Amino acid sequence: MNGTKLRRRKAPKNAKAGNPEKEVDSEESELEFDFDLWKYTKILAVPLLLAIGVAYYLNPTIFTDAMQSYLGLSEQELAKMVPVLEFPIDFSANVHRRDAVVRAFQHAWLAYERDAMGNDEYHPISHEGTNLTDAGGIGYTVVDSIDTMLLMGLDQEYSRAREWVATKMDFERNATFNTFETVIRVLGGLLSAYHFSGEDSLYLEKAIDLADRIIPAFNTPSRLPLSNINLALREGAIDPNWPQFVSSAEVATLQLEFRYLSVLSRNTLYWEKAETVMHVLKNSLMPHGLASIFLNWYNGEFVLSTLRLGSRADSYYEYLLKQYLQTNNTEVFYRDMYTNAMDAVHKTLIKKSANSVLTYTSELVPEKHPDGQISWRLTPKQDHLVCFFGGSLLLGATTAGALVHPVSVPPRAGELSEQGKRDWETGISLIKTCMATHDTATGLAPEIAHFRIPSDGIGHDPQYPSDWYIKGAHTRPGELPPYDARYILRPETVESLFLAFRLTGDEMYREWAWRIFEAIEKHCRVETGGYASIINVDEIPSRKEDKMETFMMSETLKYLYLIFADANVLPLDKYVLNTEAHPLPIFDIPPKFKDLVQRNPMLSHPILE
Ligand SMILES: *[C@@H]1O[C@H](CO)[C@@H](O)[C@H](O)[C@H]1NC(C)=O
Ligand SMILES: *[C@@H]1O[C@H](CO)[C@@H](O)[C@H](O)[C@H]1NC(C)=O
Ligand SMILES: *[C@@H]1O[C@H](CO)[C@@H](O)[C@H](O)[C@H]1NC(C)=O
């Protein structure tokens, strides 16, 4: 077909009413048609509209190209204007793909149930379960999976899981459990199960029992919770590897769960404990505005340690935003902390790969010199965990960074603040980068990706791609690949794809998610049941490792399900997902709690708008 002919200036007139193009066009029209305008308009309208439709179908950028040549807009400016084309956004379910995800969930759950019901963790190749401690399980896998069953409508699986919670689940375990993991998986899972089961009181009773056992972890001089908790003795315990420290993510990723539990139980204690942590952190923040990965639990001060968005810091940033969202965008305290943190992240951690194609987040590692000076070494290393961040930035841009509520899908440039626009663009780029790290032999992304920088000493070694690589992955046959090369069924990329699809309506994100799902099916699926991690994403046939992390059922398959389900299933203005993908309802702060937050003695400025 003849593209040049259709690439006339007429096209944009129909693309957007009211832009300057229109005037040019009407001038042309007058010249051609002034003898019998009405008649010709009628005769020409149908073929013209058809031609425009065909042109758009064959080359969707035709209008933007034409507009660009006329208005001289940059690619990026145009990208922001795409919504003016009003192409239809379809949020209805992709039933075929959604149901394939449900079958995958059943494949995972039924194997676990058959081999290891009630055990904390599952090993699908040996068909065995294990517990986190010798004292017996705490329902780690069962509770982590319940809300996914409820969302998917798996009634039979659900009723057996509920039965287990009612009759077998027991927190009277004399052993130490990780405070943060127990809160996000078990407490979060119980709260979400309570909500989606139509407020079955079983789950609330269990949640209160568990939370009461965890609360003593907060009894420290700084009021930061200790890393571990003995559930039977109700005593906090230090992490023997880091006896003086707690990590930022661990202390700042309990708040959504405790706050919601307070509202449900009408007991302000949980809220108060969790909220106080945030004020301790705020008062300790260093001038750069970022949270280093460690804090001293005795004095509540940040410790000189790595700055990054990956492990031990990731969900600190995630929960700054989500605490603001949880109470329906009312606590400006969190919005301000979040906005400041995002400014700092952009200033120091957002980088571009050597040939400037991929945007990524780097790490800054402090180094102390003999003369006492400290310098920061840039490490171009991004954990797969960081792939939550692209979606989180989009969510932040359309809420904390929005000038109107709700914003359009996708948001228009005028609806976002300057920071919102910046965060939106970074978010979109980071998601692309996370997808680029799936460019491996299996189509799955490694645990850790390194990005090329001029000083990495690799030069033009053809073994290394030009943008990113897996460190130490070129092992000899028989050697075990490095830790970095694994894929352990992590959810963070599909989490971002879910948010990106909901906030842009762009079908491309569904396609990307489907590709990841297919790669999981191909390389991680264990034929006898369950899914396993693989030890090297760049090796075919892939070698499996005998472990199915609980987040496979609570997060990875839930996000995949939500991507292909109808958007009414979990509207983003009604729910906030905890860091283990347990959705919690957004609520208005009850008056009793308003007093509580305003009275907080550590508060430096009002918390409510
Ligand atoms: C794990 O704990 C559960 C519940 O206490 C128990 O039934 C099971 O036997 C334990 N598993 C192992 C491998 O010890
Ligand atoms: C808890 O375990 C510790 C060490 O394993 C033991 O010394 C203590 O007696 C136990 N306490 C109870 C109440 O079972
Ligand atoms: C949040 O606030 C908006 C606007 O004030 C209101 O319309 C909406 O119902 C609130 N949502 C919830 C879940 O309370």
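- The name given to the protein in an unreviewed UniProt entry is alpha-1,2-Mannosidase, and the organism recorded there is Roridomyces roridus.
- The Sequence similarities (unreviewed entry) field of the UniProt record for the protein holds the comment "Belongs to the glycosyl hydrolase 47 family."
- According to the UniProt record, the Cofactor (unreviewed entry) comment for the protein is "Ca(2+)".

1. Some points on the overall build of the protein
Then, number 1: For the protein, the helix and strand inventory stands at 22 helices and 18 strands.
Then, number 2: Out of the 609 residues in the protein, the part that is buried amounts to 57%.
Then, number 3: Sequence separation of at least 24 residues holds for 68% of the intrachain contacts in the protein that already meet a minimum separation of 6.
Then, number 4: Counting only carbon and sulfur atoms, one obtains 52% of the accessible surface of the protein, whose full area is about 25,800 Å².

2. Considerations on the sheet that holds strand S3 (residues 176–178)
Adjacent strands of a sheet pair through backbone hydrogen bonds, lying either parallel or antiparallel.
Then, number 1: Taken together, three strands build an open sheet; the order of strands is S3-S4-S5 and the sheet is antiparallel. The open sheet terminates on both sides in strands that have one partner only, identified here as S3 and strand S5 (235–237). Averaged over all pairs of adjacent strands, the angle between their axes in this sheet comes to 35°, without regard to strand direction.
Then, number 2: Note: strand S4 (residues 228–230) against S5, three bridges, orientation antiparallel.

3. What to know about the state of the cysteines
Then, number 1: Inspection of the entire model under this criterion finds one disulfide.
Then, number 2: Each sulfur of the disulfide joining Cys387 and Cys434 lies 2.1 Å from the other. Across the disulfide from Cys387 to Cys434, rotation about the S-S bond amounts to roughly -100°, and the bridge is consequently left-handed. Here Cys387 is found in the loop between strand S12 (381–383) and helix H17 (388–397), whereas its partner Cys434 is found in helix H18 (residues 418–436), with 47 residues between them in sequence.
Then, number 3: Judged by relative accessible area, which is 4%, Cys387 ranks as buried.
Then, number 4: Residue Cys434 is classed as buried on the basis of its relative accessible area of 4%.

4. Overview of the pairing of strand S10 (residues 363–368)
Then, number 1: Bridge count between S10 and strand S11 (residues 374–379): six bridges; the pairing is antiparallel. Residue pairing for S11: Glu367 is matched across the bridge by Ser375.
Then, number 2: Where S10 hands over to S11, the hairpin turn is made up of five residues, of which Gly372 adopts a positive phi near 90°.

5. Section: helix H11 (residues 201–214)
Then, number 1: Here H11 is 14 residues long and its end C-alpha atoms lie 20 Å apart, about the 20 Å a rise of 1.5 Å per residue gives.
Then, number 2: Those residues of H11 that fall on the buried side of the exposure criterion are Leu202, Tyr203, Leu204, Lys206, Ala207, Leu210, Ala211, Arg213 and Ile214.
Then, number 3: Buried positions along H11 lie against helix H8 (140–152), helix H9 (155–167), helix H10 (179–196), S4, helix H13 (255–265) and helix H14 (268–284).

6. So, the packing of H17 against H18
Then, number 1: Running from N to C, H17 and H18 point in directions that differ by 155°, and their axes come no closer than 8 Å. When the interaxial angle is binned, H17 and H18 end up roughly antiparallel. For the pair H17 and H18, the sense of crossing is left-handed. In this structure, H17 uses Phe389, Gly390, Gly391, Leu393, Leu394 and Ala397 to contact H18, whose residues at the interface are Gly420, Asp423, Trp424, Thr426, Gly427, Ile428, Leu430 and Ile431.
Then, number 2: Within the contact of H17 with H18, the residues separate by chemical class into eight nonpolar, five polar and one charged.

7. Here we look at the site of ligand 1
Then, number 1: Asn119, Gly129, Asn131, Gly136, Gly137 and Arg173 make up every residue found near ligand 1.
Then, number 2: At 2.9 Å from an oxygen atom of ligand 1 is found a main-chain nitrogen or oxygen belonging to Gly137.
Then, number 3: Starting from 360 Å² of accessible surface for ligand 1 in isolation, the protein chains cover 45%.
Then, number 4: For the shell around ligand 1, the class distribution of residues is no nonpolar, five polar and one charged.

8. Quick notes on the nonpolar core
Then, number 1: One finds Phe258, Leu281, Tyr317, Phe389 and Leu497 to be the most contacted residues of the largest nonpolar core, which totals 161 residues.
Then, number 2: The dominant element in this core, judged by the number of residues it contributes, is helix H7 (residues 95–116), at ten residues.
Then, number 3: With residues near it in sequence (within four places) discarded, Tyr317 still touches Leu290, Ala291, Arg308, Leu309, Tyr338, Ala341, Met342 and Val345.

9. A look at the UniProt feature "active site" (unreviewed entry) in the protein
Then, number 1: Under the present numbering, the feature "active site" (unreviewed entry) in UniProt falls on Glu181, Asp314, Glu447 and Glu492.
Then, number 2: Considering the arrangement of structural elements, one finds Glu181 in helix H10.
Then, number 3: Every residue in contact with Glu181, bar those within four places of it in the chain, is listed here: Tyr140 and Val186.
Then, number 4: Within the secondary structure, Asp314 sits in helix H15 (residues 314–326).
Then, number 5: Excluding residues within four positions of it along the chain, Asp314 makes contact with Ala249, Leu309, Leu385 and Phe388.

10. Concerning a nonpolar patch on the surface
Then, number 1: Taken together, Leu304, Ile374 and Trp376 make up a surface patch of nonpolar side chains, about 250 Å² in accessible area.
Then, number 2: For Ile374, a relative accessible area of 39% puts it in the partly exposed group.

11. Some details on the pattern of salt bridges
Proximity of charged atoms lets side chains of opposite charge pair with each other.
Then, number 1: Counted under the stated rule, the structure contains 30 salt bridges.
Then, number 2: We note a salt bridge from Arg160 to Glu113, for which the minimum N-O separation is 2.5 Å. With Arg160 in helix H9 and Glu113 in helix H7, this pair connects stretches of sequence that are 47 residues apart.
Then, number 3: The salt bridge partner of Glu363 is Arg308, with a shortest N-O separation of 3.5 Å. Highlighted residues: Glu363 in strand S10 and Arg308 in the loop between strand S7 (294–296) and H15, separated in sequence by 55 residues.
Then, number 4: On the basis of relative accessibility, which here comes to 4%, the residue Glu363 falls in the buried class.
Then, number 5: Within the structure, one salt-bridge network assembled from shared partners comprises Arg308, Glu363, Lys381 and Asp383.

Conventions adopted
Residues numbered from 1 in each chain as written. Chains lettered and ligands numbered in written order. Predicted model: local features only at pLDDT ≥ 70, side-chain atom pairs only at ≥ 80, totals over all residues. Heavy atoms only, no water. UniProt positions renumbered as here; feature names shortened; annotations may be inferred. Helix = DSSP H or I, 4+ residues; strand = E, 2+ residues; numbered from the N terminus. Buried < 20%, exposed > 50% of the residue type's maximum accessible area, 1.4 Å probe, protein only. Contact = heavy atoms within 4.5 Å. Areas by Shrake-Rupley, 256 points an atom, 1.4 Å probe, with all protein chains shown as cover. Pairing = 2+ DSSP bridges. Axes fitted to C-alpha atoms, helices over the stretch in contact; angles between N-to-C directions. Disulfide = S-S within 2.5 Å. Expected span 1.5 Å × (residues − 1). Parallel < 35°, antiparallel > 145°, perpendicular 65-115°, else oblique. Left-handed = near helix turned anticlockwise from the far one by under 90°. Nonpolar A, V, L, I, M, F, W, Y, C, P; charged D, E, K, R; others polar. Near = heavy atom within 4 Å. Polar contact = N/O pair within 3.5 Å; in protein donor to acceptor, adjacent residues only side chain to side chain. Core = buried A, V, L, I, M, F, W, Y, C linked by side-chain atoms within 4.5 Å. Patch = residues over 30% accessible without salt bridge, like charges linked within 9 Å, V, L, I, M, F, W, Y side chains within 5 Å. Salt bridge = Lys/Arg side-chain N within 4 Å of Asp/Glu carboxyl O.

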